[in-house]
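For reference, the chains in residue letters:
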Amino acid sequence: MADERDSIRVRTNYRHGEDVYLYHIVASPAETRERFLEYLNALNTLHTHPLWYNAITTNCTTNIRTQRPILKRIPWDWRILVNGKADELLYERHLIATGGLPFAELKQRSHINERARAADQDPDFSRAIREDLPQGK
């Protein structure tokens, strides 16, 4: 768990060779709240039942899927395991805003490394990295 600035900047400003993409998720306020509460529940469960990280079976992406109740999980897809492919899966399932763009263009326009570097210590970091990102279905 980290705040947005820390989790993004470590990948854009300190590590080399990592690309960071930011997409608008298509979700209602109620769905967003439900997902946030699932996240908090998962964190609280970790407090009482620690879990080892595993690059294949228990990682950031697989944990997002498994913190949902079984009947609400998206169907399994190999792209959940392959780093850098989840955005393509989300695009195909209409779970991210596309702005009507084909996937390749959406991905290119959602690349935020340069924005994050430029916004480094900006108190309005969150706004700066989101400026002009594609929105809408």
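Residues numbered from 1 in each chain as written. Predicted model: local features only at pLDDT ≥ 70, side-chain atom pairs only at ≥ 80, totals over all residues. Heavy atoms only, no water.

Chemist: Summarise the overall build of the protein chain; cite the residues concerned and give the values.
Modeler: Tallying secondary structure elements over the protein chain gives seven helices and zero strands in all. Projected onto its principal axes, the C-alpha positions of the protein chain cover 40 × 30 × 30 Å. For the protein chain, the residues scored as buried account for 24% of the 137 residues in total. Across the protein chain, the fraction of contacts at a sequence separation of at least 24, relative to all contacts at a separation of at least 6, is 57%. (Helix = DSSP H or I, 4+ residues; strand = E, 2+ residues; numbered from the N terminus. Buried < 20%, exposed > 50% of the residue type's maximum accessible area, 1.4 Å probe, protein only. Contact = heavy atoms within 4.5 Å.)

Chemist: Let's hear about a nonpolar patch on the surface: which residues, and what values?
Modeler: There is a patch of nonpolar side chains on the surface, built from Met1, Phe36, Leu37, Tyr39 and Leu40 and spanning about 530 Å² of accessible area. Within the secondary structure, Met1 is located in the segment before helix H1 (4-14). (Patch = residues over 30% accessible without salt bridge, like charges linked within 9 Å, V, L, I, M, F, W, Y side chains within 5 Å. Areas by Shrake-Rupley, 256 points an atom, 1.4 Å probe, with all protein chains shown as cover. Salt bridge = Lys/Arg side-chain N within 4 Å of Asp/Glu carboxyl O.)

Chemist: Pulling in residues and values, what's your account of the packing of aromatic side chains?
Modeler: Within this structure, the stated rule accounts for one aromatic pair. Across from the ring centre of Tyr21, 4.8 Å away, lies the NZ or CZ of Lys107, which sits over that ring. (Phe/Tyr/Trp six-rings, centres within 6.5 Å; stacked < 30°, edge-to-face > 60°. Lys NZ or Arg CZ within 6 Å of the ring centre and 35° of its normal.)

Chemist: So what's going on with the pattern of salt bridges? Which residues, and what values?
Modeler: Summed over the entire model, instances satisfying the criterion amount to 15 salt bridges. With a shortest N-O distance of 2.5 Å, Lys72 and Glu34 are connected by a salt bridge. On the criterion of sequence distance, the pair formed by Lys72 in the loop between helix H3 (60-66) and helix H4 (86-92) and Glu34 in helix H2 (residues 29-48) is long-range, its members being 38 residues apart. Here Asp87 ties to Lys107 by a salt bridge, and the two come within 3.2 Å at their closest N and O atoms. Separated by 20 residues along the polypeptide, Asp87 in helix H4 and Lys107 in helix H5 (residues 103-109) bring together distant segments of the chain. Classification of Asp87 as buried rests on a relative accessible area of 9%. Salt bridges here are not isolated pairs; linked through shared partners, they connect Asp77, Arg79, Lys85, Glu88, Glu92 and Arg93.

Chemist: Account for H1, with residues named and values stated.
Modeler: Turn by turn, an α-helix covers 3.6 residues, leaving residues three or four places apart pointing in a common direction. Those residues of H1 that fall on the buried side of the exposure criterion are Ile8, Arg9 and Thr12. Looking straight down H1, one finds its buried side chains confined to an arc of 100 degrees; they lie on one side. Buried residues belonging to H1 abut helix H6 (113-118) and helix H7 (125-130). (Arc of directions from axis to C-beta.)

Chemist: Residues and numbers for the environment of Asp19, please.
Modeler: By secondary structure assignment, the location of Asp19 is in the loop between H1 and H2. Sequence separation between Asp19 and Pro50 is 31 residues, and the spatial gap between their C-alpha atoms is 30 Å. Setting aside residues no more than four positions away along its own chain, Asp19 makes contact with His111 and Asn113. Among the polar contacts made by the side chain of Asp19, one reaches the side chain of His111 at a distance of 3.0 Å. (Polar contact = N/O pair within 3.5 Å; in protein donor to acceptor, adjacent residues only side chain to side chain.)

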